[in-house]
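# Tertiary structure, described
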Amino acid sequence: MNAPVGSVTLPYRERVFHAIDDVPIYLRDYGDPSSKRVPVLFLGGLTRNAKDAHLSAMHLSKERRVLAMDYRGRGRSGYDPDWRNYHPRVYVADVTQMLAMLDVHRVVIVGTSLGGICAMGMGAAAPTSLAGVVLNDIGPKIDDAGRVRIASYVGVDLRLPTVDAAADHLSRQFAHAYPDWDRELWLAMAEATFTSDPVARNLRLDYDLRIGDALKAQAGEPPTDLWPLYRSLRDIPVLAVRGDLSDILDSQTFDQMAEAKPDLIRLTVPRTGHVPLPHREPFATVLDEFLRRF
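Computed from a predicted structure; not experimentally measured. (Residues numbered from 1 in each chain as written. Predicted model: local features only at pLDDT ≥ 70, side-chain atom pairs only at ≥ 80, totals over all residues. Heavy atoms only, no water.)

### Remarks on the overall build of the protein chain
From N to C terminus, the protein chain includes 10 helices and 13 strands. Here the C-alpha radius of gyration of the protein chain, 18 Å, is about what a compact globule of 294 residues would show, namely 19 Å. Its C-alpha atoms give the protein chain principal-axis dimensions of about 50 × 45 × 40 Å. Going through the 294 residues of the protein chain one by one, you find that 53% of them count as buried. (Helix = DSSP H or I, 4+ residues; strand = E, 2+ residues; numbered from the N terminus. Rg over C-alpha atoms; globule rule 2.2 N^0.38 Å. Buried < 20%, exposed > 50% of the residue type's maximum accessible area, 1.4 Å probe, protein only.)

This is how it looks when you write it as structure tokens:
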């Protein structure tokens, strides 16, 4: 059954499970669990949550089950008392546990940014669970320019009075990535990025600010070589998507990914930075085509 909230019926089921360390993990579960099509799992970016996947999930769930998870410390999942657990290896363990809890044996992961790193981690840790992977503006080498840009704002306690003000802020902050966006798109991003703080009577970012501490600590560690994780996908169908304005996935790395995996399907989204949105064209059509095989 769909989950009721007051007099509103949501087009998805809301589920919560407890990770092995008891942190509650929230997910949205769309579509028919008994569908014979392979389920799709959306994994978002560093500070993002399940709301980002809603429009794609509504479309895809017409013929298959679609899952969208809030990592620990994001959205409606619990905040971890130890910020050191905000790490890809922990997220991969949470995803593995979630699939076991739902008795889902194989999925196609649509991994955006951090979500793509987690998908590559799944390729190494649990390859039989992957029917296919979509790597959205992420690869085995992360451009330093994008890394520095993201580190400059993650963990900053940004407060804004209204959704309109939040949309204004985001349109200034990310104008380089989405030069053609209209007001409706910026408002939608604001709704997915912020949540209400009833005590402070304003809007706050919808994630645990201590993710910024984890990001700084990880930046001080020796860089992880992601190429072995990418190569773990060698026998798995992969669609790789890049925004042509991306400062995270450069064109050279994108080409090297194709050299390392000759059957890689690639899409470059014009006039878009980090990250392309799966429900917008041309990504939406190419994603539909990719998923037809599963």
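### Topic: the sheet that holds strand 9 (residues 159-160)
What the 3 strands build is an open sheet, ordered 9-11-10; its pairing is antiparallel. This sheet does not close on itself; its edge strands, each paired only once, are strand 9 and strand 10 (194-197). Two strands pair when backbone bridges link them, and strand 9 and strand 11 (residues 202-205) are joined in this way by 2 bridges, in the antiparallel orientation. Paired with Arg159 across the strands is Arg204, a residue of strand 11. (Pairing = 2+ DSSP bridges.)

### Regarding unusual backbone geometry
Residue Val275 follows His274 across a cis peptide bond; omega there is 15°. Here Val275 shows up in the loop between strand 13 (265-269) and helix 10 (283-291). Residue Pro282 is reached from Glu281 by a cis peptide bond, and omega for that bond is 5°. Here Pro282 shows up in the loop between strand 13 and helix 10. One non-glycine residue, Asp22, adopts positive backbone phi at about 80°. With a phi angle near 60°, Asp103 is a residue other than glycine that sits in the positive phi range. Secondary-structure assignment places Asp103 in the loop between helix 2 (88-102) and strand 7 (107-112). Exposure remark for Asp103: the relative accessible area of 54% places this residue in the exposed category.

### Concerning the nonpolar core
Membership of the largest hydrophobic core comes to 66 residues, with the highest contact counts inside it found for Met98, Leu135 and Met257. Here Met98 is in contact with Phe17, Leu27, Leu41, Leu67 and Met69, once residues within four sequence places are set aside. With 27 residues, the next largest nonpolar core counts Leu10, Tyr12, Leu239 and Val286 among its residues. (Core = buried A, V, L, I, M, F, W, Y, C linked by side-chain atoms within 4.5 Å. Contact = heavy atoms within 4.5 Å.)

### What to know about the packing of helix 5 (residues 163-173) against helix 6 (residues 183-193)
Look at helix 5 against helix 6: their axes get within 8 Å of each other, and the N-to-C directions meet at 105°. Classified by the interaxial angle, the pair formed by helix 5 and helix 6 is roughly perpendicular. Across the interface between the two elements, Val163, Asp164, Ala166, Ala167, Asp168, Leu170 and Ser171 of helix 5 pack against Arg183, Trp186, Leu187, Met189, Ala190, Glu191 and Thr193 of helix 6. Of the residues belonging to the contact of helix 5 with helix 6, the class tally is 8 nonpolar, 2 polar and 4 charged. (Axes fitted to C-alpha atoms, helices over the stretch in contact; angles between N-to-C directions. Parallel < 35°, antiparallel > 145°, perpendicular 65-115°, else oblique. Nonpolar A, V, L, I, M, F, W, Y, C, P; charged D, E, K, R; others polar.)

### Notes on helix 2
Over its 15 residues, helix 2 runs 21 Å from end to end, which matches the ideal 21 Å to within 8%, given 1.5 Å per residue. Within helix 2 the residues assigned to the buried category are Val90, Tyr91, Val92, Asp94, Val95, Met98, Leu99 and Leu102. If you follow the buried residues of helix 2, they end up packed against strand 3 (13-18), strand 4 (24-30), strand 5 (40-43), strand 6 (66-69), strand 7 and helix 3 (114-125). (Expected span 1.5 Å × (residues − 1).)

### Notes on the pairing of strand 12 (residues 238-243)
Taking burial as the measure, the 6 residues of strand 12 include 6 buried ones, the bulk of the element. By the alternation rule, side chains of strand 12 split into Val238, Ala240 and Arg242 and Leu239, Val241 and Gly243, which are all buried. Here strand 8 (residues 130-136) runs beside strand 12; their pairing, made up of 4 bridges, is parallel. Along strand 12, the bridge assignment pairs Asn136 with Val241. In this structure, strand 12 lies alongside strand 13, joined through 5 bridges in parallel fashion.

### Side note on the side chain of Asn202
Locating Asn202 in the fold gives a position in strand 11. Residue contacts for Asn202: discarding those within four places in its chain leaves Arg159, Leu160, Thr195, Ser196 and Asp197.

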